[in-house]
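# Structural characterization, general
For reference, the chains in residue letters:
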Amino acid sequence: MKHLTSLYDLNPSDLSDILARATDLKALFKKGERPPLLQGRVLAQLFEKPSLRTRNSFEAAMIHLGGSGIFLTTAEAGLNGRESLPDIAKVLSSFSDVITMRTYSHQLIVDFAKHSCCPVINGLSDERHPCQALTDLLTIQETLGTLQDVHLAFVGDGNNVAMSLAIASAMAGMKMTLAAPKGFELSNAFLKELTKRYPQHRVHQVHSAAAAVKSADIVYTDVWASMGQEEDAVRRMQAFTEFQVNEELMKTAPKDAKFMHDLPAKRGLEVTDGVMDGSQSIVFQQAENRMHLARGLFAWILGK
Ligand code: CP
Ligand code: NVA
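Residues numbered from 1 in each chain as written. Chains lettered and ligands numbered in written order. Predicted model: local features only at pLDDT ≥ 70, side-chain atom pairs only at ≥ 80, totals over all residues. Heavy atoms only, no water.

### Some words on the pattern of salt bridges
- Using the criterion set out here, one finds 11 salt bridges in the structure.
- Arg-267 is the salt-bridge partner of Asp-273, the closest N and O atoms lying 2.8 Å from each other.
- Its relative accessible area of 44% is what places Asp-273 among the partly exposed residues.
- Taking the relative accessible area as the measure of exposure, Arg-267 reaches 38% and is therefore partly exposed.
- Of the charged contacts in the structure, one is a salt bridge between Arg-267 and Asp-277, with a shortest N-O distance of 2.8 Å. (Salt bridge = Lys/Arg side-chain N within 4 Å of Asp/Glu carboxyl O. Buried < 20%, exposed > 50% of the residue type's maximum accessible area, 1.4 Å probe, protein only.)

Laid out in structure tokens, this is it:
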């Protein structure tokens, strides 16, 4: 049985298999074919934070594959102290075929998975967002035709999305540059672990958005204040002023560079309307792909 708490749970060959599965199922879906590969299967979703894309793309994916979904907040599950985490994991997994979780603490998902008798998939924690990064690879591959040597410039916070993209780019043979203000880069501890696992890969970190996007194939950004950092939003807004992805910044990138954002976007902060809705933006293809990736991932993780 496999879990996906972080992309470190996968090897590069798993990654290719999941992307291939998602690509095939998307092609069938576009032809109106929805093979009921997971007929009668149950997805349980346990979310501590709000979600439009992750929750609903997971549920839609399971329904399209012939299964169904149940949803509970961590309070409803009893994770507020009503009962112990191992007991909750044992009980919920005994009713379910696959569980997705969205939490503050990353360790909570890791601990839950240890006691679950079905696969557990991370739908975002404070440290990781693996399904987003897998979706981003799917989107880049279908847009550029390859992942090898693609240069992704992430302009923004060294957060959960940036960390998962850094691991994904190492696994896929991509180049990644992160442009962040001082104090918001990827941590040394994270980079040390990444280098230990993927010694040939280096994330290039700079403090200038223009320098990062100069030779980028993909310009990527995310919110400056993630869920749980609301109280720090004003300080972050000030720190990130020079890191907005706007039309002027896009002019310093190659003409055919694409713009990506995991969404939700704070329009007017990390990205302008002109870039979000502009001809280089592939953000809504990227958002739709959350569902196609989820179908590929569920089929793969359940061996179908
Ligand atoms: N990108 C993403 O995970 O969106 P949600 O927070 O809406 O799930
Ligand atoms: N970094 C953001 C991603 C939202 C999908 C957050 O954690 O809120």
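### A short note on the environment of Asp-222
- Position of Asp-222 relative to the elements: it lies in the loop between β8 (218-221) and α10 (233-239).
- Spatially, the C-alpha atoms of Asp-222 and Pro-264 are 8.1 Å apart, while their sequence positions differ by 42 residues.
- Setting aside residues no more than four positions away along its own chain, Asp-222 makes contact with Phe-154, Val-155, Asn-159, Asn-160, Val-161, His-261, Asp-262 and Glu-270.
- A distance of 2.8 Å separates polar atoms of two side chains, one belonging to Asp-222 and the other to Asn-159. (Helix = DSSP H or I, 4+ residues; strand = E, 2+ residues; numbered from the N terminus. Contact = heavy atoms within 4.5 Å. Polar contact = N/O pair within 3.5 Å; in protein donor to acceptor, adjacent residues only side chain to side chain.)

### Quick notes on the site of ligand 1
- In the neighbourhood of ligand 1, the contacting residues comprise Ser-51, Leu-52, Arg-53, Thr-54, Arg-102, His-129, Gln-132, Asp-262, Leu-263 and Arg-290.
- The side chain of Thr-54 places a nitrogen or oxygen atom 2.7 Å from an oxygen atom of ligand 1.
- Arg-290 is positioned with one of its side-chain polar atoms (N or O) 3.1 Å from an oxygen atom of ligand 1.
- Relative to its unbound accessible surface of 250 Å², ligand 1 loses 96% to contact with the protein.
- Split by residue class, the shell around ligand 1 holds two nonpolar, four polar and four charged. (Near = heavy atom within 4 Å. Areas by Shrake-Rupley, 256 points an atom, 1.4 Å probe, with all protein chains shown as cover. Nonpolar A, V, L, I, M, F, W, Y, C, P; charged D, E, K, R; others polar.)

### Examining the sheet that holds strand β3 (residues 98-102)
- Taken in spatial order, the four strands of this open sheet run β2-β1-β3-β4, and their pairing is parallel. Whereas interior strands pair on both sides, the edge strands pair on one side only; in this sheet they are β2 (68-73) and β4 (120-122). With strand direction ignored, the average angle separating the axes of adjacent strands in the sheet is 20 degrees.
- By the bridge criterion, six bridges tie strand β1 (residues 42-47) to β2 in an arrangement that is parallel. Across the sheet, Gln-45 pairs through a bridge with Phe-71, a residue of β2.
- Of the strands in this sheet, β1, β2, β3 and β4 touch helix α2 (residues 53-64), which is tilted by about 175 degrees from β1.
- Contacts between helix α5 (residues 106-115) and the sheet are confined to β1, β3 and β4, with β4 contributing the most and set at about 170 degrees to the helix. (Pairing = 2+ DSSP bridges. Axes fitted to C-alpha atoms, helices over the stretch in contact; angles between N-to-C directions.)

### Concerning the site of ligand 2
- Near ligand 2, the surroundings consist of Leu-124, Asn-159, Asn-160, Val-161, Asp-222, Val-223, Ser-226, Met-227, Asp-262 and Leu-263.
- With respect to ligand 2, the side chain of Asn-160 contributes an N or O atom lying 2.8 Å from an oxygen atom.
- Take Ser-226: an N or O atom from its side chain is 2.7 Å from a nitrogen atom of ligand 2.
- Across the complex, the protein chains shield 94% of the 270 Å² of accessible surface that ligand 2 would expose by itself.
- Among the residues making up the shell around ligand 2, the classes are represented as five nonpolar, three polar and two charged.

### Quick notes on α5
- Among the residues of α5, His-106, Leu-108, Ile-109, Phe-112 and Ala-113 are the ones counted as buried. Within α5, the buried residues cover an arc of 160 degrees as seen down the axis, which keeps them to one side.
- Buried-residue contacts for α5 involve β1, α4 (85-95), β3 and β4.
- Where α5 begins, the capping side chain belongs to Ser-105, and its oxygen is found 3.3 Å from the backbone nitrogen of Gln-107. (Arc of directions from axis to C-beta.)

### Some remarks on the packing of helix α1 (residues 12-30) against helix α6 (residues 130-144)
- The geometry of α1 relative to α6 is characterised by a closest axis approach of 10 Å and an angle of 65 degrees between their N-to-C directions. Relative to α6, the crossing made by α1 is right-handed. Of the residues in α6, those in contact with Leu-15, Leu-19, Ala-22, Thr-23 and Lys-26 of α1 are Leu-134, Leu-137, Leu-138, Gln-141 and Glu-142.
- Here the residues of the contact of α1 with α6 are counted per class, giving six nonpolar, two polar and two charged. (Left-handed = near helix turned anticlockwise from the far one by under 90°.)

### Points about the environment of Gln-39
- On the secondary structure map, Gln-39 appears in the loop between α1 and β1.
- With a relative accessible area of 58%, Gln-39 lands in the exposed category.
- Spatially, the C-alpha atoms of Gln-39 and Gly-66 are 4.1 Å apart, while their sequence positions differ by 27 residues.
- Setting aside residues up to four positions removed in sequence, Gln-39 forms contacts with Leu-65, Gly-66 and Gly-67.

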